[in-house]
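# Structural description and commentary
One-letter residues, chain by chain:
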Amino acid sequence: MTRLRAEGLTLGYDAQPIVRDLDVTVLDGKVTAIVGANACGKSTLLRGLARLLRPRAGTVVLDGRAMAELSTLEVAKVLGLLPQAPVAPDGITVADLVSRGRYPHQGWFRTWTDRDHDAVARALDATDTADLVDRPLRQLSGGQRQRVWVAMALAQDTDLLLLDEPTTFLDINHQVELLRLLRKLNGESGKTIVAVLHDINLASRYCDHIIAMAGGAIVAEGSPAEVITAELIAKVFGLECVVLTDPVAGTPIIVPAG
Amino acid sequence: MTAMITPVTETPQVREAGATARALRATRRRRAVRALTATTGLTAVVIGLFVLTMMVGSFRLTAQEVVTSVLHLADNPSVDFVVRGLRLPTALSALTVGLALGSSGTVFQQLLRNPLASPDFVGITAGASLAAVTGIVLFQVGGLAVCLLALGGAIAAALLMYVLAWRDGVSGYRFILIGIGVAVFFEGITGYMLTRAELFEARQAMHWLTGSVGQASDAELKLLSAALVVLLPLAVLLSRRLRVLELGDDSARALGARVERTRALLLGTAVLLVALAVAVAGPIVFVALVAGPIANRLLGPATGGIAAAALVGAALLLSADLIAVHLLPTPLPTGVVTGAVGAPYLLWLLATTNRQGAGG
């Protein structure tokens, strides 16, 4: 059984729907990348799956139940999300920010427990940010800051983690570092990960499954080897390209043609 | 950085198991101690100032006389007359109005994610002023009627802004811009009202508009105190959710917060607090603006302690009242003092906020 899927999903902000009548199944225990041109609806789909956007039509099903019937807290214990441009109050420290990820596990009066403590410590260790706990977020580099945000999402301790363009604004080194981190999280704890990514080659290299979108619909999905073809890239991005084999990992990589 | 934290190494795997949890525990403990120390210290300062405002004046009293009289421990008719009859209402007014302004201001600033988003600027105080001045000028009302009009005006202004700012939810930035617009609009009408007023009413209206803790009646104080007993604990209880809302709507929703409901609840609490404060004392400026940032200085950045901000508000207002009534050659309304101290702070805030680019 798959834990997260959508049926006949239609999503949009204004009168015009962005995602139309879409069916998708998120593979359990895999790292999935959603790729596509700008404004193809990939972030919208992710927001819809994370119930940040109420569907116009269709349903998102989480653990066999329609998400609309679940309380936001129930969802938050299973499904975490790192938004595209998260904001933090001025001067907040890393420890404070990551600790706020424990919100769904705490009640009105319940104080901080050992379980909260361990979850935050594990999140800091996993993201290699434990040395930064007392530092203000503002003072960190872009790569460090993004790792801290991932740590906050990890502290939430969910089996599913969605990330909206987590590599934007990062240099290539930090992009790779972040994707390796996602792979590590998937490998160590079997976490299901879905990320909206811009870079096809990084998606191909580090993800098990690729969902390619165009015009609010899924055009192709499958393993990188199945999905990444010259025809598909032309169709999705309008780019003429040649598909080569990554000499290190053996995954497909694309190079612009002509 | 403390000794608990291991230095950055090339191989992070060598990190000793449990070291992170220990470092985290130490950090949390430090924060808790700091919060407790600051809050206890602030409480002591507020109590001290509260007693001090009742000691000074043309008839000087000792701290012991004041305390025993307030707590009904001793019977001394002349002292009781001065303390309970004359000075306690003003001191109580400064205390409660300060608590309300401080807590309300910090909730606004955190909720709208902007240090400038104090209720002074986003039209709530302006709504109260318009209603109060209209009452004074057109209907020659005074006392409790003005208080209730101001209360109604503040709440109506808040509702108007909420409705105008609503578009699939209320974003902080829209609320602030609309709030500023509403404030300017209301201030314009208030100005027009003043030009239409007879001299006596105009003087009365101007006095109300400056804000003073000395004008509160017994009934008004009872209303504010009763409201504080309910609203202040509610605000403190809601602060856990506020800390999640601070991370933006998407993160807050992802963490399981019911964003719109929580925001409406917090805004409602903060609006009631500031509306009551303005209704009782008039628009005392800048206390709501500075209380939160001062509390954050004491507790640590982004701690957002609502109780601490309330106490800072009370301390500020009690000090302002002491200065306004006793230290200056001629007694002035409290609002003049807070304005004189607060205006430079506002300029500093605007200058530094723009430089950091964190204002919006």
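A quick note: this is a predicted structure, and the numbers were derived from the prediction, not measured.

## Structural notes on the overall build of chain B
Within chain B, the regular secondary structure consists of 13 helices and zero strands. If you list the helices and strands of chain B from N to C, you get α-α-α-α-α-α-α-α-α-α-α-α-α. If you line up chain B on its principal axes, its C-alpha atoms span 80 × 55 × 35 Å. When the 360 residues of chain B are sorted by exposure, 52% land in the buried category. Here the contacts in chain B between residues at least 6 apart in sequence split such that 73% fall between residues at least 24 apart.

## A short note on the sheet that holds strand β1 (residues 4-11) of chain A
Residue and element names in this part refer to chain A. With antiparallel pairing, the four strands of this open sheet are ordered in space as β2-β1-β4-β5. Either end of the sheet is taken by a strand with one partner, and the two such strands are β2 (19-26) and β5 (65-66). Bridging between β1 and β2 involves five bridges; their strand directions are antiparallel. Counterpart to L11 in the pairing with β2 is V19.

## With respect to empty space enclosed by the protein
Residue and element names in this part refer to chain B. With the rule as written, the count across this model stands at one cavity of 30 Å³ or more. Empty space within the largest cavity amounts to approximately 30 Å³. If you go around the largest cavity, the residues you meet are L101, D120, T125, V274, V278, P283, I284 and V285. For the lining of the largest cavity, the class distribution of residues is six nonpolar, one polar and one charged.

## Structural notes on the packing of helix α3 (residues 77-111) of chain B against helix α11 (residues 287-299) of chain B
All names here are of chain B. At a minimum axis separation of 7 Å, α3 and α11 run at an interaxial angle of 75°. Taken together, α3 and α11 sit at an angle that is classed as roughly perpendicular. Residue-level contacts link L101, G102, G105, T106 and Q109 of α3 to V287, A288, L289, A291, G292 and P293 of α11. Across the contact of α3 with α11, the residue classes tally to six nonpolar, five polar and no charged.

## Focus: the environment of I172(A)
Examined against the element boundaries, I172(A) turns out to sit in helix α6 (residues 172-189). On a C-alpha basis, the gap between I172(A) and L202(A) in space is 9.8 Å, while along the polypeptide they are 30 residues apart.

Rules used in this analysis
Residues numbered from 1 in each chain as written. Chains lettered and ligands numbered in written order. Predicted model: local features only at pLDDT ≥ 70, side-chain atom pairs only at ≥ 80, totals over all residues. Heavy atoms only, no water. Helix = DSSP H or I, 4+ residues; strand = E, 2+ residues; numbered from the N terminus. Buried < 20%, exposed > 50% of the residue type's maximum accessible area, 1.4 Å probe, protein only. Contact = heavy atoms within 4.5 Å. Pairing = 2+ DSSP bridges. 1 Å grid on protein atoms, 1.4 Å probe; cavity = no way out; pocket = protein on both sides within 12 Å on 5 of 7 lines; lining within 4 Å. Points joined across faces, edges and corners; volume = space filled by probe spheres on them. Nonpolar A, V, L, I, M, F, W, Y, C, P; charged D, E, K, R; others polar. Axes fitted to C-alpha atoms, helices over the stretch in contact; angles between N-to-C directions. Parallel < 35°, antiparallel > 145°, perpendicular 65-115°, else oblique.

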